[in-house]
Every structure is written in structure tokens, then in C-alpha cells.
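The residues making up each chain are set out below.
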Amino acid sequence: MELTGIASYLVSFLTFAGIYAVLALGLNMQWGFTGQFNIGVAGFFAVGAYTSAILTTPSSPDYLGGFGMPFLVGLAGAIIASTLLGLVVGLITARLRTDYLAIASIGIAEMVRLFVKNEGWLTNGVRGIAGIDRPMADTALASPFAYLVIVVLFVAGVYVLVERAYGSPWGRVLRAIRENEPATAAAGKSIASFRLQAFVLGSAIMGLGGGLYAHFFGFLSPEAFMPLYGTFLVWVMLIAGGSGNNRGAILGAIVVWGVWSGTALLTDLLPTEHATQAAALRVLLIGVLLQVILVLRPEGILPEKPPRLTSRKR
Amino acid sequence: MSDILQLLVYGLVLGSVLAMGAIGVSMIFGILRFAHFAHGDFMTLGAYLGLAFISAFGLSSWWALPAAMVGMAVVAVFIDQVLYRRIRRTQPVILLIASFGMALILRSLVQLIWGSDNQTYASGIQFPWRLDWLGGLRLKPDHLWIMLISLGLVAGVHLFLTHTRLGKAMRAMSDNMDLALISGIPAERVIMVTWVIGGALAAAAGVFLGIDTRLHPVMGWTTLLPVFAAAILGGIGRPYGAIAGGMIIGVSMEMSTLLIPAAYKPAVAFAIMVGMLILRPQGIFKGTV
């Protein structure tokens, strides 16, 4: 009994860590590779989650839905929706300094939250969407463990994709933009178009993360995202793990999710009347952790190791 | 007609709050070259420091203002010395991340110390003056004070920037950092004064917001987007532009309630900002792009 309790906690822990790893890999594409500062992660995440939920849930009188599409179609929809959002944001900000992207991206996250909250016909507003099924819900394969396997497969797939992108000539241009923008422009690369591509690809990956979350958690509401904390955690994960390094992003997701869950275990010991204070204390600890990393080890646990240039054939 | 006039007054009050925040954001950007994401939470903390002061000494609500401004100026310099100064030598964008983290730290501190419930400086309802010669416009004394005091603060900042050595040094650093540094401007002192002014004005914005509505741990964060919009609209790095930007954003947000649901007020600020980023990213008063 005791053992199954621990096992099921572990499965749920790893699934969440895996979903966050997808988000961190998406952010790594934008920030780690290209140096684009997106703090609207929660917005792209929410768009992905809601799109997948609306596409797959049975019909309900309260909100748009009833398409009853399969899981994979829901995820594809999540990716398409967040890609479109990324395209709009990217087109506006690709030419500007990254500070402007940062400011615009909190705006996007806020707009998505306002929209989800106020457009009840689409999203059921603050009451949220419940009953989002896991894939293969009617079969024996609907266990949490099976879902963990699915999430791990997606993390692996995304990892292979972004790792190949990183080592490719395309990824090299992104790093060049990050390190020295004028020199890259002088080399004849279109900064804005490379930035836009990286931003859109990163947004698509975040949308996928949102879709995976929706089907794991089964319930979505504007507040369930804790939008800012979602964004913030992903940032701390990437920076702790090592921005620019894809394995670092995954490792950071597991470690920081462990710390975050660990603080939950600690604050659960406090009496329940201090529940809101406990939540604030957890954010405070993670915030301090971020500052300590930034001051002491800004390169993260696994610093970025750009692939060595192979010596030219003679 | 009187509706529009009434909304104009609300807009100018909101604009005063936004301008107080945006001047600080703009100055910090001009000197340190990063968007200060903890500015909204500076406003929140300032408002709560004011609350702590007046409830400790049993004073009336306006005493919160000087206490908050002094307190927040000290806190801002402290945060700069303890955290920002250590990472100033790396890229400015690292400062941006640090300020984002600082925003959450400050907010959770406010939640830990004062709790998450709404609080007010003074209970009870204030009766507005009815101005019959202006079509029955209602004006709350508090609103008038908010506008007058922000006008005074803006004039103070103006005099500082134009008539003191440090103020001139600050403008020089903002215009051309390299030139200013080789001509021997004391950079650390200028940075410190920037935080003093930015922190104090953010606290003023927070207290105004608290007097106009209520105090809440996310009051500053939700105001951050319009504050940034105001700073961008005015041309980031340009304190005077920030005032114009604040007024335009504030009035547009209030006027928009004639046409769209009030819940979408922040969306108006956002839309103006996005429009500006597309058409004229340097802002009305040509800031640093």
C-alpha cells in the first residue's frame, strides 16, 4: 500500500516534470538559442491547453466543444493554435530589441488570460473545462503510468528535434544572432526572419506542452494555470539547468520541479489557516533561488557546450 | 457629454498613477538599459509600506504618501546594492530576468506580511463635490489631490533634471553613456539617485492607486502592463514622454468603457502599445529603440 502510494506520487511527479521539460525546451529555443526574452510562456501554454481541451471534450451546453476528436488531433490543434499566436507576436517584435518582446509577451499572456476568463461561450470562463480525457480513455491503457510513457516519448521527440536544430547551420545562425547581432547582419543573415522562425518554433513546442498538461490534469480554468508562476517556474528551470543546453533544460525541469514540490511538502506541515502564506513562501524561496543562481552560477548546472567545429577537409 | 467628462477625470487620475510609474521605468531604462519588471511590485510594496506607517501611528491616509516614498526609495537602493549591482556588468537582459524574479519575491513578501485580502487606507465613503457649472460633474477630493500632487512631483523631477548637477549628469548618461562616462560623471551616484527617484515615484503611484481603489498584493503587477505601455508610448528612456504616455493611456483606458466591457481595459493599453511598436517603436518623443 505504502509502496503504491509512493509509486503513484513518483509517476505524477515525473509526468509534471516531463510537461515542464517540454515548456523549458520551447523556451530554450527562444531564449537559450536566440536570446529572445519571452515571459508570456503561460499564454502559449494556455492557448495550447484550451485548444486541445475544446477539440477533444464531449459536447457541453456551457462552452464551445463537442468535437470529440482523438488525443493526437487535440495536440495537433494545440500546436497550430500556439504557432499562430507565436507568428503574430513574432511578426510584431522580431525587429525590435528583446526588451520590447519581454514587455509585449507579458501583454500577450495577460490578454490570453483576460480572454479565457471573459469569453465564457468559448472557454466556460472562470468555471473552467472539466472532464478532459486521457488518450485511450476506455481501454486498460488509460493509467497514469501509460500517460507518463506518452509524455516521455514526446519529451524525447522534442529533444531530438531541438538538438538537431541546435547543431545545424540554422542553429548556428541563431547563436550568432544571440552573441553578436551586427556581425550576423553583416554576414548577410536576415536577423528578423531567423528570430521569427525560432520564436514560432518555440511557441509551437510550448503549445504542445499545454496540450499534454490539459490531458493529464483533466481540468482547466484561468486560475488553475497560476499564469505567472507557470512562466516563472519554466524560466527558473531553464536558467538553473543551463540556458542554451537542451539536456540542461530537461535536467532543470526535473530539479526545479523537485524543489518546488519539495517546498509543497514542507509548507503542507504548516496549519491550513496559513495556506495562502505557504504558497507565497514557496514563490519567495524559488525567487531567491533564481537570484542566487544568477549571481553565483549564471551558466546553470549544465553550461552550454556549442558543438566543436569539425576541421575542414583538406 | 457629462459621461465623457466624468470618464476624462477618471482617465486623468489613472493617467497620473501610470505617469508616476512610467517616469521611473523610463529613467531606469535610460540609465541601466533594461526594462524593470519589478516596478509594478515596487508600487505594491510602496502602498503597503504607507499602510504600515499610518496604521502604526494612527494617522490619516495621506500620511501614507511621504512614508511610502521614503521607505521605497530606501528599499530600491537596497535591492540595487544587494542584487542588481552584482549582475550589472553582464548583459542588461540578465538584469531583466533578475527584476522579474524580484517582482515575485516582493509580491510574496507582501502576501506573507500583510496577507492576500483587500485592504484600504481609510474605511467609509468619500462624498464627491458636484460641480454644476461643469454639467454635474462629480469630483472626489481624493481624485483632485492625486492629480495635483502628481503635478507637483512631475515639476519636482523636472527641476531636478534641469537645474541640478546630478540631474544633468543623469540626462547625459541617458543620452550618451560612453561620452558621459569618459567625461567623469560619477556613474554609481547617478544610478543610486535613479533608484531613489524611481522607487519614490513608484511608491507614490502605489499610494495613489491604494487611495483611489484598494490595496491588494497584485495591484502593482496588473498595473505594470499599462505602465510599460505609457513608457513605450512616450519613448522609452524619456521621462517627459512617460508623462504624456501615462495620460494618453489612462484616458484611453477609461474612455474605452463607453464601447467595450470594462474587463478589457488592460487590453486597450496593450493595443495602443502594440500599435506603437508597429508604427513608431521609438515612441512619440523618440526614445532609445
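Residues numbered from 1 in each chain as written. Chains lettered and ligands numbered in written order. Predicted model: local features only at pLDDT ≥ 70, side-chain atom pairs only at ≥ 80, totals over all residues.

Draft legend 1. Inspection of the overall build of chain B at higher detail. Within chain B, the secondary structure is distributed over eleven helices and two strands. Sequence-ordered secondary structure for chain B, helices as α and strands as β, is α-α-α-α-β-β-α-α-α-α-α-α-α. Its C-alpha atoms put chain B at 60 × 45 × 35 Å along the principal axes. Summarising the internal contacts of chain B: among those between residues at least 6 apart in sequence, 76% fall at separations of at least 24. (Helix = DSSP H or I, 4+ residues; strand = E, 2+ residues; numbered from the N terminus. Contact = placed C-beta atoms within 7 Å.)

Draft legend 2. Spatial organisation of the overall build of chain A. The number of helices and strands found in chain A is twelve helices and zero strands. Its helices and strands in sequence order give chain A the pattern α-α-α-α-α-α-α-α-α-α-α-α, from N to C terminus. Relative to the compact-globule value of 20 Å for 314 residues, chain A shows a C-alpha radius of gyration of 20 Å, a close match. The principal-axis extent of the C-alpha atoms belonging to chain A is close to 65 × 40 × 40 Å. Within chain A, the fraction of its 314 residues that count as buried is 49%. The contacts in chain A between residues at least 6 apart in sequence include a share of 78% that link residues at least 24 apart. (Rg over C-alpha atoms; globule rule 2.2 N^0.38 Å. Buried ≥ 20, exposed ≤ 12 C-beta atoms within 10 Å, placed from the backbone.)

Draft legend 3. Highlighting the packing of helix α3 (residues 71-93) of chain A against helix α9 (residues 191-217) of chain A. Residues and elements named next belong to chain A. Relative to each other, α3 and α9 sit at 145 degrees, their axes nearing to 7 Å. In the crossing of α3 with α9, the sense of the turn from one axis to the other is right-handed. Residue composition of the contact of α3 with α9, by class: 14 nonpolar, ten polar and no charged. (Axes fitted to C-alpha atoms, helices over the stretch in contact; angles between N-to-C directions. Left-handed = near helix turned anticlockwise from the far one by under 90°. Nonpolar A, V, L, I, M, F, W, Y, C, P; charged D, E, K, R; others polar.)

Draft legend 4. Seen up close, the packing of helix α1 (residues 2-32) of chain B against helix α5 (residues 141-163) of chain B. Residue and element names in this part refer to chain B. Running from amino to carboxyl end, α1 crosses α5 at an angle of 35 degrees, the nearest separation of the two axes being 9 Å. The handedness of the crossing between α1 and α5 comes out as left-handed. Contact residues: Val 9, Leu 12, Val 13, Ser 16, Ala 19, Met 20 and Ile 23 in α1; His 143, Ile 146, Met 147, Ser 150, Leu 153 and Val 157 in α5. Tallied by class, the residues present in the contact of α1 with α5 amount to ten nonpolar, three polar and no charged.

Draft legend 5. View of helix α3 (residues 64-87) of chain B. Along its 24 residues, α3 of chain B runs 33 Å from first to last C-alpha, staying within 8% of the 34 Å computed at 1.5 Å per residue. Where α3 of chain B bends most, at Gln 81 of chain B, the angle is about 45 degrees. (Expected span 1.5 Å × (residues − 1). Bend = angle between axes of the 7 residues up to and from the residue.)

Draft legend 6. Examining helix α6 (residues 144-167) of chain A more closely. Compared with an ideal rise of 1.5 Å per residue, which puts 24 residues at 34 Å, α6 of chain A spans 34 Å between its outermost C-alpha atoms and is within 8% of the ideal. Residues of α6 of chain A that are buried: Tyr 147, Leu 148, Ile 150, Val 151, Phe 154, Val 155, Val 158, Val 162 and Tyr 166 of chain A.

Draft legend 7. Up close: the interface of chain A and chain B. Chain A puts 34 residues into the contact, and the matching count from chain B is 35 residues. Among the elements of the structure, α3, α4 (98-118), α10 (227-241) and α12 (275-296) of chain A are those that each provide at least two residues to the side of chain A that touches chain B. Taken together, the residues that form the side of chain A that touches chain B break down as 23 nonpolar, eight polar and three charged.

Draft legend 8. Spotlight on the environment of Pro 307 of chain A. Relative to the helices and strands, Pro 307 of chain A is located in the segment after α12. Once the C-alpha coordinates of Pro 307 of chain A and Ala 240 of chain A are considered, the two residues, 67 residues apart in sequence, prove to be 21 Å apart.

Draft legend 9. Seen up close, the nonpolar core. Counting 194 residues, the largest nonpolar core has Tyr 20, Val 22, Ala 24 and Met 237 of chain A together with Met 72, Ala 204 and Ala 229 of chain B as the members making the most contacts within it. Per element, the largest residue contribution to this core is 15 residues, and it comes from α1 of chain B. Contact partners of Ala 24 of chain A, with chain neighbours within four places excluded, come to Val 234, Met 237, Leu 238, Gly 241, Ala 249, Gly 252 and Ala 253 of chain A. (Core = buried A, V, L, I, M, F, W, Y, C linked by C-beta atoms within 7 Å.)

Draft legend 10. View of unusual backbone geometry. Residue and element names in this part refer to chain B. Positive phi, normally seen in glycine, also occurs at Arg 33, with a value near 60 degrees. Relative to the helices and strands, Arg 33 is located in the loop between α1 and α2 (39-57). For Arg 33, a count of 19 C-beta atoms within 10 Å gives the class partly exposed.

Draft legend 11. Examining the confidence of the model for chain B more closely. Here chain B averages 90 in pLDDT, and 98% of its residues register 70 or above. Confidence metrics for the complex model read pTM 0.90 and ipTM 0.86. (pLDDT = per-residue confidence, 0-100.)

Draft legend 12. A look at the environment of Ser 243 of chain A. Residue and element names in this part refer to chain A. Looking at the secondary structure, you find Ser 243 in the loop between α10 and α11 (246-267). We classify Ser 243 as buried; it has 26 C-beta atoms within 10 Å. Along the chain, Ser 243 and Ile 39 lie 204 residues apart, while their C-alpha atoms are 15 Å from each other. Apart from the residues lying within four places of it in its own chain, the contact partners of Ser 243 are Asn 28, Trp 31, Gly 32, Leu 238 and Gly 300.

Draft legend 13. Just the environment of Trp 133 of chain B, in detail. Relative to the helices and strands, Trp 133 of chain B resides in the loop between β1 (129-131) and β2 (137-139). Remark: the alpha-carbon pair of Trp 133 of chain B and Val 207 of chain B, spanning 74 residues in sequence, is separated by 31 Å.

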